[in-house]
Amino acid sequence: MRVTAIALAIGLIGTAAAVQAQQITGAGATFPAPVYTKWGEAAKAATGIELNYQAIGSGGGQNQILNRTVDFGASDAPVPAEKLESGKLLQFPTVMGSVVVIVNLPGVTSDQLKVTGEMLADIYAGKITKWNDPKLVEMNKGVPLPNLAIAPAYRADGSGTTFVWTSYLSAVSPDWKEKVGAATSVKWPAGAGAKGNDGVSATVANTKGGIGYVEYAFAHQNKLTTVQIRNKAGQFVKPEMASFTAAASNGDWAGAKNFAVNLIDQPGAESWPIVSATFVLLPKDPKDLVRSAAVMKFFDWAFKNGDAIASGLEYVPLPEVVKTSVRAAWRAEIKGADNKPLY
Amino acid sequence: MTLQQATISLSAPRRSSIGDPIFAAIAKASGLFVLVLLGGIIVVLFVAGLSAFRAFGPGFLISDNWDPVREEYGALVPIFGTMVTAILALLLAVPLAFGIAFYLTELAPTWLRRPVSTAIELLAAVPSIIYGMWGFFVVVPIMAEYVQPAVIDTIGELPIIGPLFQGPPFGTGILTAAMILAVMIIPFIAATMRDVFDTVPAVYKESAYGLGCTTWEVMRSIVIPYTRVSVVGGIMLGLGRALGETMAVTFVIGNTNRIATTLFGPGNTIASIVALEFPESEAGSLKLSSLLALGFILFVISFIVLAISRVLLRPGLKA
């Protein structure tokens, strides 16, 4: 009797799992990992789709999806069009985030210091080396700027954050673009490297006169001293949700091929200049149709219900119009063997 | 011979006819497996690094350029950082380890020898990530706040050696990395030294004492000459560990692909650059190939160091 009951119970669990839980696996970018994890937890209850996401880095995510060892890859930097073509991949954005500048200056409070993009590029190029540099002093009358060496800290590990940051420096400084350029890791002309957002912020915290760049969520949660940056419209903006959203809505989403929209240094008086989207890569020739469909179902659920979770973690949700065109792309691009759209 | 033993010895030949060859084959396979594994790793690293060796030629070894944007890679900075941190670590660790071993074998009261020996062995068991975090959160702030500014203002002003102690006080850098490495390799060197010092026959030492030698004279004229080769072998073991250390160094070295001109300057090591850059390297890219080529170079360096230590340790152990 008891044995039968146990067998029955096991059988029931087995069937339940087979019917309900659809596992999907993803790998890649570390930047959106917290929101993917939270979405995964919430979606499991709502849709029965169980997400297993491994934050192994954007480069690793691209490698894994090209080898088709995961159901989707994730990358902070948009993948070049020809690589998407050859790898038969569809790229779409999921969420946006921003990078902010943090400093360690005695007596200087958050958002008190004002800088321009050119100055940041000069600081990271080792051209502005003292905090009482005439350029900085002129822009910050009333701020106590000491005669202290500027110690720039950067991400030593290859990272999407560095890609966004160097893209910004390249956008505002032709000199930076020519000499250094933008990538997940670059040849830094000055400063010292540390591992991860926590490494950079700890290096800045340890070094008087330190300056660094981290993801906004990290700066916000740890109450780090941020600075105002002058945007393309010539306005100084504070790093906050409103200025990120302004930048996102000013992006040229319609004109961007493969959704590879450039949100760096956008026009608009309110726009924070260092905003970027993070992307998911999905095979256009799915091997496992059920799992591929589940990936789209998962992100569809996240687009509909996940905005509050994303904002809670200091990410910027996608504008509604972008979500609609992502869904259209799914329908047009990802088809099963019988040419029927999976989504 | 009891009955039980007799049964075993009687049944032994019958069992061995099947069991022994199987066991021998398994043991042989296990032994060969190690060789195949080692050879496989070397071959894979070399083949994967081949496109970097081809693209940059011998210049790969002497170029200090590491520019992922322009896809130009050179191995000089990490090789330099690896060698300099390891050698500095030895300079710091060897005198300390010698002191520890000397104290434990000659001076320490018997009741203290065991606890100190155990403590040294425990130090060797601490995972390197712990040393890294300790270095980053404890040593680096102390270096940045107190040590480096003071040294830069005093020793940094001196002629000749001054330039070695200049630069912005980040707290991280070559010297900090070497200090952490020194702490990590002291247990290995100290334990080896203690063991070989113990092998010196008591009669030699007693004769020297009998001639009126002081403890230091016995150490210098009897113990050191007797164990010299083995001591060097132990130091090489420590060097091998220092060369390959990854996480602890990554935390504190400053991770900069420039040749450090001062001891406080940030640098990079082979193991650390591979760990940092690997996740963002795309399959088939020149960057990935360069990283694997660096791995091959580290393999070769470590192999040479270990080979030297084997050669030096062998006669010592026989004696």
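Described below are features of the structure shown in this document. (Residues numbered from 1 in each chain as written. Chains lettered and ligands numbered in written order. Predicted model: local features only at pLDDT ≥ 70, side-chain atom pairs only at ≥ 80, totals over all residues. Heavy atoms only, no water.)

As for empty space enclosed by the protein
Inclusion rule: Think of a 1 Å grid over the protein atoms and nothing else: a 1.4 Å probe that fits but is trapped marks a cavity, an open set flanked by protein within 12 Å on at least five of seven lines marks a pocket, and residues with an atom within 4 Å of a point count as lining. Grid points are joined across faces, edges and corners, and a volume is the space filled by probe spheres set on the points. Runs of H or I in DSSP of at least four residues are treated as helices and runs of E of at least two as strands, each being numbered from the N terminus. For this scheme, ten residues count as nonpolar: Ala, Val, Leu, Ile, Met, Phe, Trp, Tyr, Cys and Pro. Four count as charged, namely Asp, Glu, Lys and Arg, and the remainder, Gly too, count as polar.
The full count for this structure, using the stated rule, is three cavities of 30 Å³ or more. Considered as a void within the structure, the largest cavity measures approximately 120 Å³ in volume. For the lining of the largest cavity, the elements supplying multiple residues, two or more each, are β6 (151-155) of chain A together with α10 (270-277) of chain B. It is α10 of chain B that provides the largest number of residues to the lining of the largest cavity, a total of three residues. Considering only residue class, the lining of the largest cavity consists of six nonpolar, five polar and three charged. Taken together, F31, D76, G97, S98, V99, G160, T161, V164, E215 and S276 of chain A make up the full set of residues lining the second largest cavity. Partitioned by chemical class, the residues of the lining of the second largest cavity number three nonpolar, five polar and two charged.

Description of the packing of helix α5 (residues 128-153) of chain B against helix α6 (residues 174-198) of chain B
All names here are of chain B. Spelled out, the test is: All axes are obtained by fitting lines to C-alpha atoms, using only the stretch in contact for helices, and the reported angles, taken between N-to-C directions, cover 0 to 180 degrees. We call two directions roughly parallel when the angle between them is under 35 degrees, roughly antiparallel when it is over 145, roughly perpendicular when it lies between 65 and 115, and oblique otherwise. Left-handed describes a crossing whose near helix is turned anticlockwise from the far helix through less than a right angle; right-handed describes the clockwise counterpart. Residue contacts are counted whenever heavy atoms from the two residues lie within 4.5 Å of one another.
In contact at an axis separation of 10 Å, α5 and α6 are set at 135° when each is read in the N-to-C sense. Regarding the angle of α5 to α6, the classification is oblique. Handedness of the crossing formed by α5 with α6: right-handed. Mapping the contact onto sequence places S128, Y131, W134, G135, V139, V140, M143 and Q148 in α5 and L175, T176, M179, I180, V183 and M184 in α6. When grouped by side-chain class, the residues that make up the contact of α5 with α6 number ten nonpolar, four polar and no charged.

Overview of the environment of F46 of chain B
Residue and element names in this part refer to chain B. Tracing the sequence through the fold places F46 in helix α1 (residues 3-56). Each C-alpha atom of the pair F46 and P127 lies 29 Å from the other, and the pair is 81 residues apart in sequence. Aside from chain neighbours lying at most four places away, what touches F46 is F53 and F296.

Regarding the packing of aromatic side chains
Residue and element names in this part refer to chain A. Applied cut-off: Put simply, two rings from Phe, Tyr or Trp (the six-membered ring, in Trp's case) pair if the centres are within 6.5 Å, and we call them stacked under 30 degrees between planes, edge-to-face over 60, tilted for the rest. For a lysine, the NZ atom is tested; for an arginine, the CZ atom; a charge sits over a ring if that atom is within 6 Å of the ring centre and within 35 degrees of the ring normal.
Overall, the coordinates contain 35 aromatic pairs over all chains when judged by the stated rule. Centre to centre, the rings of W165 and Y213 are 5.0 Å apart; their planes meet at 10°, and the pair counts as stacked. Placement of the pair is W165 in helix α7 (residues 160-172) and Y213 in strand β8 (residues 210-215), with a sequence separation of 48 residues. One aromatic cluster is present, formed by Y36, W39, Y53, F72, F92, F298, F299, F303 and W330 through successive ring pairs. Taking NZ or CZ as reference, K114 lies 5.4 Å from the ring centre of F236, over its face.

Overview of the interface of chain A and chain B
Here is the rule we go by: As a working definition, buried area equals the accessible area (1.4 Å probe) given up by two parts on being put together, with both sides summed. Any Lys or Arg side-chain nitrogen located within 4 Å of an Asp or Glu carboxyl oxygen qualifies as a salt bridge.
Between chain A and chain B, the contact holds 40 residues from the first and 30 residues from the second. Regarding the contact of chain A and chain B, the summed buried area is about 2500 Å², with carbon and sulfur atoms giving 50% of it. When the area that chain A buries against chain B is broken down by residue, the three leading residues are K187, K195 and N206 of chain A, summing to 21%. One can count one salt bridge joining chain A with chain B.

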